[in-house]
Amino acid sequence: MTRLNDKVAAGDIIIIDGGMGTELERRGVPMHAQTWAGASLVEYPDAVVDVHADYIRAGAEVIITNTFGASPHMLSAMGHGERAEAIIRGSVDLAKRARDQVGRDVAIAGSISTMAAGGDLTDPGKRHSDDEIADSLGRMARALADGGCDVIALEMMRDTVRSPVAMLCAKETGLPVWLGLACTREKDSGDLVAFDFPENRFADTVAAMVPLEPDLVSVMHTDVDVTDDAIDALAPHWNGPLGVYPEAGYFEMPHWHFVDVIAPDALVERARAWAGKGVTLFGGCCGLGPAHIAALDGARESLEASRRRDRREGHVPRSGSGALVC
């Protein structure tokens, strides 16, 4: 973990994994009608291990737990509420099993989202109360830390109410916290808005989350054609370590549609341009699999060359800091 922290601070190129839930679905693992891929932790743990292992073999230095859809409030919807902490801790064990199986020392990031059970992906409204969400996210962060993850990865943070709660809970663990912001382009105005929720402006989420001092900020689960604009919009507000892991395709609960998925070599071309904008962490989100990660791993030298050009132009990475209490 010290080596990973050093690489983040130094602005070195880091390759993370690709999508977990979509890769499970691609391999035939059933998706749960209420919680998408979260049920696989209980019902198909060996498949989760296999996906982790394939990402490690592809070159990922960081793998992310399959907990995006497995917070306590989500597990309760599946009838596993009483075992929530044990299941979440176990997700870290599955990642460790894959690490041991492959025999490469990779870091493990514990994924936290504000996804809600059912069709509302983040439930900015009324499915769960704010108190229930706060309790759930706090329990989740503690369970991931107790399980032994190295980093907390906040994923698809898109609002200004529940996303800050997730950040505060994550920081309470004392672990590094990586912030993942997801956005899209509003059809009529062309403005950047929260993914799935056009009433939430991307700029407002950035303004709410960046001052809470994450250790790294990623533009993630964002279409490759929108990612450039998101990086540019984020740049005036964040000069620290920057990551990108885009998505491709589209989601209709509980299934992912693998359409217009960017080819691995095309992703590398985009990544070189992103490296020239200061990005140092690269991977994939929904729809992108081990072949994409292998291509990024194979392009490290060219990504680093683009990064060096960026450094010569004056970008200086810094680490986030702060001690906020959930």
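Here goes a summary of the coordinates provided. Computed from a predicted structure; not experimentally measured. (Residues numbered from 1 in each chain as written. Predicted model: local features only at pLDDT ≥ 70, side-chain atom pairs only at ≥ 80, totals over all residues. Heavy atoms only, no water.)

### Describing the packing of aromatic side chains
- The tally for this structure, following the rule as stated, stands at three aromatic pairs.
- Between the aromatic rings of Trp 36 and Phe 251, the centroid separation amounts to 5.6 Å while the plane-to-plane angle is 75°, which identifies the pairing as edge-to-face. You can see Trp 36 sitting in the loop between helix H2 (21-26) and helix H3 (40-43) and its partner Phe 251 sitting in strand E11 (residues 250-252), a full 215 residues away along the chain.
- One aromatic cluster is present, formed by Trp 36, Phe 68, Phe 251 and Trp 256 through successive ring pairs. (Phe/Tyr/Trp six-rings, centres within 6.5 Å; stacked < 30°, edge-to-face > 60°. Helix = DSSP H or I, 4+ residues; strand = E, 2+ residues; numbered from the N terminus.)

### A word on the sheet that holds strand E9 (residues 216-223)
- The strand order across the open sheet built from eight strands is E1-E13-E10-E9-E5-E4-E3-E2, with neighbouring strands paired in parallel fashion. Of all strands in the sheet, those with a lone pairing partner are strand E1 (14-15) and strand E2 (62-64), marking the two edges.
- Sheet topology note: the E1/strand E13 (residues 281-282) ladder contains two bridges and is parallel. Bridge assignment links Ile 14 to a residue of E13, and that residue is Leu 281. (Pairing = 2+ DSSP bridges.)

### Digging into the pattern of salt bridges
- With the rule as written, the count across this model stands at 18 salt bridges.
- Residue Glu 61 is joined to Lys 7 by a salt bridge in which the shortest nitrogen-to-oxygen separation is 2.7 Å. Placement of Glu 61 in the loop between helix H4 (45-58) and E2 and of Lys 7 in helix H1 (residues 2-10) is noted, with a sequence separation of 54 residues between them.
- We note a salt bridge from Lys 277 to Asp 228, for which the minimum N-O separation is 3.3 Å. Of this pair, Lys 277 sits in the loop between helix H11 (264-275) and E13 while Asp 228 sits in helix H10 (residues 224-234), placing them 49 residues apart in sequence. (Salt bridge = Lys/Arg side-chain N within 4 Å of Asp/Glu carboxyl O.)

### Some points on the nonpolar core
- If you look at the biggest cluster of nonpolar residues, it comprises 106 residues, and the most contacted ones within it are Leu 154, Trp 178, Leu 234, Trp 274 and Phe 282.
- In terms of residue count, H4 provides more of this core than any other element does, eight residues in total.
- Ignoring anything within four residues of it in the chain, the contact list for Leu 234 reads Leu 181, Val 206, Val 210, Val 217, Val 219 and Leu 242. (Core = buried A, V, L, I, M, F, W, Y, C linked by side-chain atoms within 4.5 Å. Buried < 20%, exposed > 50% of the residue type's maximum accessible area, 1.4 Å probe, protein only. Contact = heavy atoms within 4.5 Å.)

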